[in-house]
Amino acid sequence: MNRKTLILGGVLLVLIILAYAYQGPLKKWQNSLGKPKNILARIDAAKIDKIEITLAGNAVDLSKQGEKWKYNDSKDFYADQSLMSRALASLKEAAASEAELVSNKRDRKSEFKTDAAGLSVKIYQAGGQTVDFIVGRQISDYSGVYVSMPDSAATYSLKADLLTALTPGEWRDLTIFSTAKEKINKIRFQYPNREFTVALQDGRWSGILPEKFIVNQAKLEKILEIMSGLKAEAIPEQTFKDTGLEKHLIIIEATGNGAGNVLMIGASKGELYYAKRGDSDNIYLIDKATRDELDKWIWQLR
């Protein structure tokens, strides 16, 4: 290989390197010139272990405990997993979004609702606070929101629907029971004036206590569905006063292979009824139709 060939090869290599630099890192640097920094870029959704959300004086504290998220340091209430997944996905999207400065005037923050009237959000990672920001109203096409820092005059827009994801009507999981129906093979019904039990025998449900009686399989199936997969309509104030739960008006116990679901139903609250699991003090509200389906006499199961 002669000297001229070596020189031409070197020139070609330099041109290739320059072309890469221009189309790659250099181009990226040029494109980023003049663009504001995303104030949420430090958020790593996979490392978040606590989220504090405050709106109009109402605060919600979501703290990660294993695979679950404890709601407001309550004894036994956890956030709905689907809602948490949505919130974390939205935060991840916001952190990766391209920020656009829409105002640098403090007196305009009320216009975008990024002042004290907005949604205050604090994100913690590895036990320490990572970012403190305010989510304002949605942008005109509803594809994102306005955000700001509490002590900053600047307001930015981000392409992530944080407002919807971080303000569900109810964070707490409304699930009372979630058990495979196949695991249940016995159901005991207890009321102030009667008690009886049905069991699955040879593939069919039959009455076994206080006497043997025939059971309509379709009617029992409805009860089985409730006792294996019951969701509340709402969660009331967590006080036992006026709930009627201490009177043991209705107690249904579904047991079997790995199943032990006990439901206690108390007094009414409008069109709903107070209810709780036997192994928890969490109080829920279930609808009247569910309550009535569990308020049975033996003759109603025939």
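Scoring rules and cut-offs
- Residues numbered from 1 in each chain as written.
- Predicted model: local features only at pLDDT ≥ 70, side-chain atom pairs only at ≥ 80, totals over all residues.
- Heavy atoms only, no water.
- Helix = DSSP H or I, 4+ residues; strand = E, 2+ residues; numbered from the N terminus.
- Buried < 20%, exposed > 50% of the residue type's maximum accessible area, 1.4 Å probe, protein only.
- Salt bridge = Lys/Arg side-chain N within 4 Å of Asp/Glu carboxyl O.

Enquirer: I would appreciate a short explanation of unusual backbone geometry in the present structure.
Expert: As a rule of thumb, non-glycine residues mostly have phi less than zero, and peptide bonds are mostly trans rather than cis. Looking along the chain, the bond that leaves Leu209 and enters Pro210 is cis, with omega of 0°. Residue placement: Pro210 occurs in the loop between β11 (204-209) and β12 (213-214). Even without a glycine there, the phi angle at Ala56 is positive, about 55°. Mapped onto the elements of the fold, Ala56 is located in the loop between β1 (48-55) and β2 (58-65). Ala56 sits in the exposed class, given a relative accessible area of 75%. Notably, Lys113 is not glycine yet its phi reads approximately 60°, a positive angle.

Enquirer: What should I look at first to understand the environment of Asn257 in this one?
Expert: The topology assignment puts Asn257 in the loop between β13 (250-256) and β14 (260-269). Each C-alpha atom, one on Asn257 and one on Ala180, is 9.9 Å from the other, the two residues being 77 residues apart in sequence.

Enquirer: Whenever I open this one, the pattern of salt bridges confuses me. Can you help?
Expert: Side-chain pairs of opposite charge can arise whenever the charged atoms involved come near each other. Summed over the entire model, instances satisfying the criterion amount to 16 salt bridges. The residue Arg188 makes a salt bridge to Glu253 at a minimum N-O spacing of 3.1 Å. Within this pair, whereas Arg188 is found in strand β9 (residues 184-191), its partner Glu253 is found in strand β13, the two being separated by 65 residues in sequence. Here Arg291 ties to Asp292 by a salt bridge, and the two come within 3.3 Å at their closest N and O atoms. Residue classification places Asp292 among the partly exposed residues on the basis of a relative accessible area of 30%. What emerges from the salt-bridge pattern is a single network uniting Arg194, Lys288, Arg291, Asp292 and Asp295.

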